[in-house]
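# Descriptive analysis of the structure
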Amino acid sequence: MGVSGKLVSTIDIKSDGDVFHEIFRERPHHISDMSPDYIKNVDLHDGEWGTVGSIIFWNYTHDGKECVAKEIIEGIDEEKKSVTFKVIEGDLLEVYDSFKLTVHVDTNGNDNMVTWTLEYVKKNEDAPDPQSLMDFCLAVTKDIETHHLNN
């Protein structure tokens with residue numbers, strides 16, 4: 001088994017944190033309109049939007065490469081405003097044995113923070129840490145924020 005790791009990064013947003021959580025919980029298919037440079041398409045493959053156990057298929061551009069990911073919604077916590085996705089197929093599993101992404105929103109009046117947590121197991125110790133994917137998640141977060149501030 002490979003080396004496990006975890007990356008956590010937090011970013012402040014000026015847009016509504018509740019809306020941000022709602023987008024990842026039940027409207028991820030709208031993200032391609034908000035962040036078209038990164039997210040090309042999001043389709044529901046099984047289940048219903050916003051439901052644990054549903055399977056979502058992402059087409060995205062990462063480091064200039066067209067990529068895909070099939071993810072299962074592993075958890076939704078309304079109280080903590082978090083959604084956890086587990087990658088079950090796609091480009092990431094060429095480098096990692098397992099990969100989970102959790103997006104969590106802290107709301108406090110006008111102060112909203114988005115925390116991304118990437119948990120992974122590398123196929124081998126030479127595999128890179130997914131820092132460029134964390135940068136990707138933060139860029140998508142900023143795109144969503146900009147979209148909502150402009151609309």
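These lines cover the structure that appears in this document, whether it is placed above or below.

Here we come to the pairing of strand β3 (residues 55–62). Buried residues dominate β3, accounting for seven of its eight residues. Judged from the six bridges that link them, strand β2 (residues 39–46) and β3 form a sheet pairing that is antiparallel. Its bridge partner being in β3, Asn41 is matched across the sheet by Asn59. Pairing between β3 and strand β4 (residues 65–77): eight bridges, direction antiparallel. The partner of Asn59 across the bridge, within β4, is Val68. Hairpin connection of β3 to β4: two residues between the antiparallel strands, including Asp63 at a positive phi of 55°.

This part is about empty space enclosed by the protein. Under the defined criterion, the tally for this structure stands at one cavity of 30 Å³ or more. In this model, the largest cavity occupies a volume close to 220 Å³. Lining the largest cavity are 15 residues, with Ile39, Trp58, Glu71, Leu101 and Phe136 sitting closest to its centre. Those elements that provide at least two residues to the lining of the largest cavity are β3, β4 and α3 (131–150).

The full count for this structure, using the stated rule, is ten salt bridges. Between Glu26 and Arg25 there is a salt bridge whose closest N-O contact spans 2.9 Å. Looking at Glu26, the relative accessible area reads 31%, which means it is partly exposed. By relative accessible area, which is 15% here, Arg25 ends up buried. Two residues, Lys123 and Asp97, come together in a salt bridge whose shortest N-O distance is 3.3 Å. With Lys123 in the loop between β7 (111–122) and α3 and Asp97 in strand β6 (residues 96–108), the pair connects residues that are 26 residues apart, well separated along the chain. What makes Lys123 partly exposed here is its relative accessible area of 39%. Owing to a relative accessible area of 40%, Asp97 belongs among the partly exposed residues under this scheme.

Cut-offs used in this document
Residues numbered from 1 in each chain as written. Predicted model: local features only at pLDDT ≥ 70, side-chain atom pairs only at ≥ 80, totals over all residues. Heavy atoms only, no water. Buried < 20%, exposed > 50% of the residue type's maximum accessible area, 1.4 Å probe, protein only. Helix = DSSP H or I, 4+ residues; strand = E, 2+ residues; numbered from the N terminus. Pairing = 2+ DSSP bridges. 1 Å grid on protein atoms, 1.4 Å probe; cavity = no way out; pocket = protein on both sides within 12 Å on 5 of 7 lines; lining within 4 Å. Points joined across faces, edges and corners; volume = space filled by probe spheres on them. Salt bridge = Lys/Arg side-chain N within 4 Å of Asp/Glu carboxyl O.

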